[in-house]
Amino acid sequence: MTTLLLVDGSSYLYRAFHALPDLRNAKNEPTGAIYGVLNMLRRLSKEIPADYSACIFDAKGKTFRDDWYPQYKANRAAMPDDLVAQIEPIHEAVKALGWPLVMIDGVEADDVIGTLATIAARQGMQTIISTGDKDIAQLVNDHVTVINTMTNERFDAAGVIGKFGVPPERIVDYLTLVGDTVDNVPGVEKVGPKTAVKMLAEYGTLENIIANADKITGVVGGNLRKALDWLPQAQRLVTIKCDVELPVTLNDLRHLDPDKGKLITLFEHFQFRSWTKELQASVGSEQGDSQAIEVSANVASNGIVKREYETISTHEQLDAWIAVIENAKLVCIDTETTSLDHQAARLVGISLSCEPGKAAYLPLTHRYPGAPEQISLDAALAKLKPWLEDDKRHKLGQNAKYDMHVFANHGIRLRGVIHDTLLQSYVAESHKPHDMDSMALRHLDVTTIKYEEVAGKGASQICFDQVDIERATEYAAEDADITLQLHHALYPSIAENEKLEFVYREIEMPVMPVLFCMERNGVLIDTAQLDAQSRELGQKMLELERRAHEDAGQPFNLNSPKQIQEILFEQKKLPVKKKTPSGAPSTDEDVLAELALDYPLPKILLEYRGLAKLKSTYTDKLPRMVNPATGRVHTNYAQAVAVTGRLSSTDPNLQNIPVRNVEGRRIREAFIAPKGSKIVSADYSQIELRIMAHLSGDQGLLNAFAAGEDIHRATAAEIFAVELEAVTSEQRRYAKVINFGLIYGMSSFGLAANLGIERGAAQAYIERYFTRYPGVKAYMDRTRNEAKEKGYVETVFGRRLFLTEIRASNAARRQGAERAAINAPMQGTAADLVKLAMVVVQAWLDDSNLRTKLVMQVHDELVLEVPEDELSVVQERLPGLMTGVAKLAVPLLVDVGVGGNWEEAH
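Quick caveat: nothing in here was measured; it's all calculated off a predicted structure.

Draft legend 1. Just the overall build of the chain, in detail. Looking only at helices and strands, one finds 37 helices and 22 strands in the chain. Against the compact-globule benchmark of 29 Å for 906 residues, the chain has a radius of gyration of 32 Å, which places it among compact chains. Seen through its principal axes, the chain has C-alpha atoms that stretch 95 × 80 × 55 Å. Each of the 906 residues in the chain was classed as buried or not, and the buried ones make up 52%. Nonlocal contacts in the chain, meaning residues at least 24 apart in sequence, comprise 67% of its contacts between residues at least 6 apart. Carbon and sulfur atoms make up 49% of the accessible area of the chain, which totals about 40,400 Å².

Draft legend 2. Here's a closer look at the sheet that holds strand β12 (residues 417–420). Read across the sheet, 6 strands follow the order β7-β10-β9-β8-β11-β12 without closing on themselves; strand pairing throughout is mixed. Of all strands in the sheet, those bounded by a partner on one side alone are β7 (308–311) and β12. Going from strand to strand, the sheet's axes swing by 25° on average, the running direction of each strand aside. As judged from the 2 bridges shared by strand β8 (residues 331–337) and strand β11 (residues 395–397), these two strands associate in the parallel manner. Residue pairing for β11: V331 is matched across the bridge by K395. Sheet strands in contact with helix α14 (residues 315–327) are β7, β8, β9 (347–355) and β10 (358–363), and its direction is about 45° off that of β9. Lying over the sheet, helix α16 (residues 400–409) contacts β8, β9, β11 and β12, oriented at roughly 60° with respect to β8.

Draft legend 3. Structural detail: the environment of W230. Within the secondary structure, W230 is located in the loop between α10 (218–227) and α11 (231–238). A sequence separation of 44 residues divides W230 from P186, and the C-alpha atoms of the two residues are 8.6 Å apart. When neighbours within four sequence positions are excluded, W230 is seen to be in contact with Y69, V185, P186 and L237.

Draft legend 4. Representation of the packing of aromatic side chains in the model. Considering all chains together, one arrives at 22 aromatic pairs under this definition. Each ring, one from Y792 and one from F802, has its centre 5.4 Å from the other, and the planes form 55°; the classification is tilted. Residue Y792 is located in strand β18 (residues 792–794), and its partner F802 is located in strand β19 (residues 800–802); the two are separated by 10 residues in the primary sequence. Take Y792: its relative accessible area is 14%, and that puts it in the buried class. A relative accessible area of 13% places F802 in the buried class. An aromatic cluster of three or more residues is present, and its members are Y35, F267, F270, F272 and W275. Looking at R236, its charged tip hangs above the ring of W68, at a distance of 3.8 Å from the centre. Taking the ring centre of W387 as reference, the NZ or CZ of K395 above it sits at 4.7 Å.

Draft legend 5. A look at the sheet that holds strand β6 (residues 153–155). Strand order in the open sheet made by the 6 strands is β3-β2-β1-β4-β5-β6, with mixed pairing throughout. At either margin of the open sheet sits one strand with a lone partner, and together these are β3 (101–102) and β6. In this structure, strand β4 (residues 126–130) lies alongside strand β5 (residues 144–148), joined through 4 bridges in parallel fashion. What sits directly across from I129, in β5, is V146. Relative to the sheet, helix α2 (residues 32–47) contacts β1 (3–8), β2 (52–56), β4 and β5, its axis offset from that of β1 by approximately 170°.

Draft legend 6. Inspection of the pairing of strand β20 (residues 853–858) at higher detail. Counting buried residues in β20 gives 5 out of 6 residues, a clear majority hidden from the surface. In this structure, β20 lies alongside strand β21 (residues 861–867), joined through 5 bridges in antiparallel fashion. Paired with Q857 across the strands is L862, a residue of β21. Where β20 hands over to β21, the hairpin turn is made up of 2 residues, of which H859 adopts a positive phi near 55°.

Draft legend 7. Examining α14 more closely. Its 13 residues place the ends of α14 19 Å apart at the C-alpha level, agreeing with the 18 Å of an ideal helix rising 1.5 Å per residue. The inward-facing, buried residues of α14 abut β7, β8, β9, β10 and α15 (377–388).

Draft legend 8. Local environment of the pattern of salt bridges. Taken as a whole and judged by the stated rule, the model has 48 salt bridges. Across the salt bridge formed by K383 and D319, the nearest N and O atoms sit 3.0 Å from each other. One end of the pair, K383, is in helix α15; the other, D319, is in helix α14, and 64 residues separate them in sequence. Taking relative accessible area as the criterion, D319 reaches 38% and is therefore assigned partly exposed. Notably, a salt bridge pairs K562 with E566, separated by 3.1 Å at the nearest N-O pair. Of this pair, K562 and E566 both sit in helix α23 (residues 561–571), 4 residues apart, which is roughly one turn of the helix.

Draft legend 9. Representation of the pairing of β2. When you tally the buried positions in β2, you get 5 out of 5 residues, the bulk of the element. Neither face of β2 is open: one carries Y52, A54 and I56, the other S53 and C55, and all of them are buried. Sheet topology note: the β2/β3 ladder contains 2 bridges and is parallel. Its bridge partner lying in β3, I56 is registered against V102.

Draft legend 10. Representation of the state of the cysteines. Scanning the entire structure with this criterion turns up 0 disulfides. Between C332, a free cysteine, and C354, which holds the nearest cysteine sulfur, the sulfur-to-sulfur gap is 9.9 Å. Of the residues examined, C354 reaches a relative accessible area of 25% and is grouped as partly exposed.

Draft legend 11. Inspection of the environment of L881 at higher detail. Mapped onto the elements of the fold, L881 is located in helix α36 (residues 871–883). The class for L881 is buried, based on a relative accessible area of 12%. Those residues in contact with L881 that lie beyond four places of it in its chain are V840, V841 and W844.

Draft legend 12. Region of interest: the environment of I375. Note on placement: I375 falls in the loop between β10 and α15. For I375, a relative accessible area of 4% translates into the label buried. For I375 and L362, which are 13 residues apart along the polypeptide, the C-alpha to C-alpha distance reads 8.2 Å. The residues contacting I375, other than those within four sequence positions of it, are I312, S313, T314, H315, L318, L362, P363, L364 and A380.

Draft legend 13. Highlighting the packing of α14 against α15. Interaxial distance between α14 and α15 falls to 11 Å at its minimum, and their mutual angle equals 10°. Relative to α15, the element α14 is oriented roughly parallel. Contacts between α14 and α15 involve H315, L318, D319, I322, I325 and E326 from the former and A379, A380, K383, L384 and W387 from the latter. Residue classes in the contact of α14 with α15 are distributed as 7 nonpolar, 1 polar and 3 charged.

Draft legend 14. Structural detail: α16. With 9 of 10 residues buried, α16 lies mostly within the body of the structure. Among all positions in α16, only A400, K401, Y402, D403, M404, H405, V406, F407 and N409 are buried. In the segment just after α16, G411 is the residue with positive phi, at about 80°.

Draft legend 15. The arrangement of unusual backbone geometry in detail. Each neighbour pair has its own omega, and for D651 with P652 the value is 0°, a cis peptide bond. Mapping P652 onto the fold places it in the loop between β15 (648–650) and α27 (662–669). With a phi close to 60°, N184 is a non-glycine residue in the positive phi region. Within the secondary structure, N184 sits in the loop between α7 (171–178) and α8 (193–203).

Draft legend 16. Quick peek at the packing of α23 against helix α25 (residues 600–619). As a packed pair, α23 and α25 sit with axes 11 Å apart at the nearest point and diverge in direction by 160°. Accordingly, the angle class assigned to the pair α23 and α25 is roughly antiparallel. Along this stretch, α23 crosses α25, giving a crossing that reads as left-handed. Where α23 abuts α25, its residues I564, I567 and L568 lie against L601, P602, L605 and R609. Residues that form the contact of α23 with α25 fall into these classes: 6 nonpolar, no polar and 1 charged.

The rules behind these values
Residues numbered from 1 in each chain as written. Predicted model: local features only at pLDDT ≥ 70, side-chain atom pairs only at ≥ 80, totals over all residues. Heavy atoms only, no water. Helix = DSSP H or I, 4+ residues; strand = E, 2+ residues; numbered from the N terminus. Rg over C-alpha atoms; globule rule 2.2 N^0.38 Å. Buried < 20%, exposed > 50% of the residue type's maximum accessible area, 1.4 Å probe, protein only. Contact = heavy atoms within 4.5 Å. Areas by Shrake-Rupley, 256 points an atom, 1.4 Å probe, with all protein chains shown as cover. Pairing = 2+ DSSP bridges. Axes fitted to C-alpha atoms, helices over the stretch in contact; angles between N-to-C directions. Phe/Tyr/Trp six-rings, centres within 6.5 Å; stacked < 30°, edge-to-face > 60°. Lys NZ or Arg CZ within 6 Å of the ring centre and 35° of its normal. Expected span 1.5 Å × (residues − 1). Salt bridge = Lys/Arg side-chain N within 4 Å of Asp/Glu carboxyl O. Disulfide = S-S within 2.5 Å. Parallel < 35°, antiparallel > 145°, perpendicular 65-115°, else oblique. Nonpolar A, V, L, I, M, F, W, Y, C, P; charged D, E, K, R; others polar. Left-handed = near helix turned anticlockwise from the far one by under 90°.

And the structure:
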């Protein structure tokens, strides 16, 4: 039978955009939706042979349904800018693939599809519709089948019943009852899918339901009767029109041969490398991959990497691989383990690769029933240890710090790691995902085996040592192989850029082993003190709860937003400051803070929330996180998270312990030094303001810092036009808020709210500030313009800080990106300086054979555990080491404090 294949392009481009990672080419142009749509069309062409085919898209502008109902699709958000940018390239590529493209003004894609399917049925054709839109199910009949390529679902009449509970001919009735929130078509209030199916099962059709509306009882019956006048219009809106006047005939929909030359040009521009290579091979063209480092014997003439993966199960195989890696210039190494906890993880196996496409997996402790014999863990590590610990044997990893921990857990210090693809991705494109799966798709056009595919997911997930060795080899060897290929794809672009190479070679790679040492060191905490504080916090929370109940005049759950909402806005009639997406009054922290200025209950609730967070996050949790083997807390420092370059601390998070209240500072008191040692804190003083002075070159700021003046007092003197000595504490406070506020891009509105003054007064302060410090204003204007032009800003050292919303059509998002553009170079430079300091300090500790340990890094501060007999030398050398890592236009200053605990030292 003749087949017509129709693709709902509009449905798929949205789904592809939201389902795929934020793929971009070298020009920072978004390509994820393009890749998703084209990938689907390529698959369909192979899987469904069709005599006729078309890809149908919605045209711009309104349709006839908007004339029927002006609120149609009124609640739909504007198409994201990154998707808008991909529409024309998608259309161009679809046509180059040979697919007829249909797009008719004033008509939706669904109506075009319905009309074509109806015409085809009259001519005895079979129609297959590929879509992700549930409305299309109403078209299913003996001649029409619907498939969803993205979920592999296929719907004939039985499939529609299985999916929706009603047959295709009742889908319109079903949609009329439940409504369509996406298209802003109301249904019957409180009637969901289950209720609609039940009603249709009882009465057969929507017409019969309406006829029997008086007999339907309860809330559903009442709501149905309220909607009776609306339902005919809803039914009209959700019905696909199948008699649209079309400018094309079925004969116009014969699939054409792809325009390979055009596709190669497009694929090269989009950087779809594997597709480019396939096409180049098919037309006999051989063009090298500009990002390849070496052409491997394992790379076919069309550029596609062939795979040869080996399971190392004998000593002879292991010896042969050791001989290979001993002589390789660079070897990728990866571990499979029992846990993601870097302190607890034990080896299950090791994978190796030193040539694209060739890799091996060495299983060591797989323990499932019937598992084949494996080389013993001790014997394998004894053979590998000399190579693993050899600095001169160069190694590559993906998040190699984790692998360093794993080997350390087995008494081996992994050395010679000179490359890490996680950090390469972070340096090259900090705003993208840096997991191997996302990078493989983005840079290699390779879909990798996911962990869940070999180990399961959720409650049924098994440990890797239970995975079949043959399947484990496919997964683990691929990890090493793909990581090596990613290095070949990523590193050349870093190496050819002097600034990026500096950030990678001199900051990120050297700080990785320092972080490893800090994580191994851990920090000692006083669990007894935390337990006592936890009890005190609990008592204070009970007292706050009592006061809240007294003020409300009734008991209520202080942790329930719904109950708080009822008390504040329904009973107390407090003013609604903002609403949640569902339209309910918001009770978030900003709202409570604003209300707390005038009302006592919101202030009590805020205090309660603050104490509850301290108790659950720190005083209750930290004692449970003490490692029983070391008696210490071992956080994880993630390098590749914050786009500014700052480190992220997790499990536990040591970055967010509050310091502005007594309770928060008391938590710091629980971070202690062991007997015979002290805690030393070394903190860069006003680092971001100093960086602002350097970046802006403003002479007033430069002079103030050079003279060693109190910068906030100096700013106050300028703004309020008084002598330095005459500045009051209140004026200094205002100046401090202005100094820090402006480097975070604070507006006059934000400054007014922060200082509790009129917006006009705040604007006057800002204007006076810029008059006194014109270099700062020039820097801000210059930075905004550069950010819009490039899509990123840079730190002093050349780290790129991407701003994906800097060209957004949405004003709020764009302005947020502009504020970030001003602050990011300062935050990023401060992060770079701290990392450089960590590298220098750790190198000095190692070279001096000191027992002093770096134990924490928080914001602009290094925290060390120092034996008392080394205290004087550390206090003497630390400031010079930290201020000497870079020479800025203003002097760097480091404050050093000493104490028995962190709070005393800070």
